[in-house]
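# Structural overview for review
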Amino acid sequence: MLSKTRREKLSCPCCRSRIVVAEVPDYAPGWRGLGRALLRAGLLDEATRAVETLDSSPEIRLRAEGRLLAGRLSEATDAAAALAAFTDAAEASPGDPEPWRELGRLAFREERWGDAQTALRAAVDRDDSDAASWHNLGLVLWETGQFQEARDCWRRSLRHRPG
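Please read all numbers here as calculations on a predicted model, not as lab measurements. (Residues numbered from 1 in each chain as written. Predicted model: local features only at pLDDT ≥ 70, side-chain atom pairs only at ≥ 80, totals over all residues. Heavy atoms only, no water.)

## What about the nonpolar core?
The biggest cluster of nonpolar side chains holds 10 residues, and these are Ala107, Ala116, Leu120, Val124, Trp134, Leu137, Val140, Leu141, Ala150 and Cys153. Looking at this core, the elements that each hand over two or more residues are α8 (113-126), α9 (131-143) and α10 (147-160). With four residues, α9 is the largest single contributor of residues to this core. If sequence neighbours within four positions are ignored, Val140 has contacts with Phe108, Trp113, Ala116, Gln117 and Leu120. Ranked by size, the runner-up nonpolar core spans seven residues in total, among them Cys14, Leu34, Leu39 and Ala47. (Core = buried A, V, L, I, M, F, W, Y, C linked by side-chain atoms within 4.5 Å. Buried < 20%, exposed > 50% of the residue type's maximum accessible area, 1.4 Å probe, protein only. Helix = DSSP H or I, 4+ residues; strand = E, 2+ residues; numbered from the N terminus. Contact = heavy atoms within 4.5 Å.)

## Re the packing of α8 against α9
Where α8 contacts α9, the two axes come as close as 9 Å, and the packing angle between them is 155 degrees. With respect to each other, α8 and α9 are oriented roughly antiparallel. Read as a crossing pair, α8 and α9 show a hand that is left-handed. Contact residues: α8 offers Trp113, Ala116, Gln117, Leu120, Arg121, Ala123 and Val124, while α9 offers Ser133, Trp134, Asn136, Leu137, Val140, Leu141 and Glu143. Counted by class, the contact of α8 with α9 contains nine nonpolar, three polar and two charged residues. (Axes fitted to C-alpha atoms, helices over the stretch in contact; angles between N-to-C directions. Parallel < 35°, antiparallel > 145°, perpendicular 65-115°, else oblique. Left-handed = near helix turned anticlockwise from the far one by under 90°. Nonpolar A, V, L, I, M, F, W, Y, C, P; charged D, E, K, R; others polar.)

## Considerations on the environment of Arg101
With respect to the helices and strands, the residue Arg101 is situated in helix α7 (residues 97-109). Judged by its relative accessible area of 13%, Arg101 falls in the buried class. Linking Arg101 and Leu137, residues 36 residues apart in sequence, is a C-alpha distance of 9.2 Å. With near-sequence residues (within four places) excluded, Arg101 lies in contact with Arg36, Leu120, Ala123, Asp130, Ala132, Ser133 and Asn136.

## Side note on the pattern of salt bridges
This model, assessed by the stated rule, comprises seven salt bridges. For Glu149, the salt bridge is made with Arg121, and the minimal N-O distance between the two is 2.5 Å. Pair noted here: Glu149 is in helix α10 and Arg121 is in helix α8, with a separation of 28 residues, a long-range link. Glu149 sits in the partly exposed class, given a relative accessible area of 30%. Residues participating in the shared-partner salt-bridge network are Glu110, Arg112 and Asp115. (Salt bridge = Lys/Arg side-chain N within 4 Å of Asp/Glu carboxyl O.)

## Considering the packing of α9 against α10
For the pair α9 and α10, interaxial distance at closest approach is 8 Å and the crossing angle is 165 degrees. The pairing of α9 with α10 is recorded here as roughly antiparallel in orientation. As for how α9 packs across α10, the hand of that crossing is left-handed. The segment α9 lies against α10, with Ala131, Trp134, His135, Leu137, Gly138, Leu139, Leu141 and Trp142 engaging Phe147, Glu149, Ala150, Arg151, Cys153, Trp154, Arg156, Ser157 and His160.

## As for α9
Look at α9: 19 Å from first C-alpha to last across 13 residues, which is about the 18 Å you get at 1.5 Å a residue. Where α9 is concerned, the buried positions are Ala131, Ser133, Trp134, Asn136, Leu137, Gly138, Val140 and Leu141. Each element contacted by the buried residues of α9 is listed here: α7, α8 and α10. Of the residues flanking the end of α9, it is Gly145, one or two places downstream, whose phi is positive at about 80 degrees. (Expected span 1.5 Å × (residues − 1).)

Just geometry here; none of it tells us what the structure is for.
This is the structure in structure tokens:
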């Protein structure tokens, strides 16, 4: 049985992410997760430090901070600014699926199905194992009446992230 303190730590996204990066310090998705959790908690300075810890080169750090800014703008519902920031991030890191996934999510929220589908297909082209992009692409396809292809996307998503 877990202690009450341990259960509380595991229920806090920031604490969970801190545990992951403490255990596996070179795990980039863990650092990204910590940055996102800190952003959601409103701790921008700590989120920036988390990204800087992982990304020591100025060029990479600039791209990462651009993604953090884009995520913050997206959460603040400033869609035009978030769109510009994610577009810049996609151009700065052409092989990275994350900005494309976020562009797809923004387009989905605004019911721009064609743009959402294009962005999410770009994300899965860059990382075939990106379960979130496969799931989101399935949602877009479902909304546009492409039911069989949507189910196929969801199956692929589950293959990469069971449960």
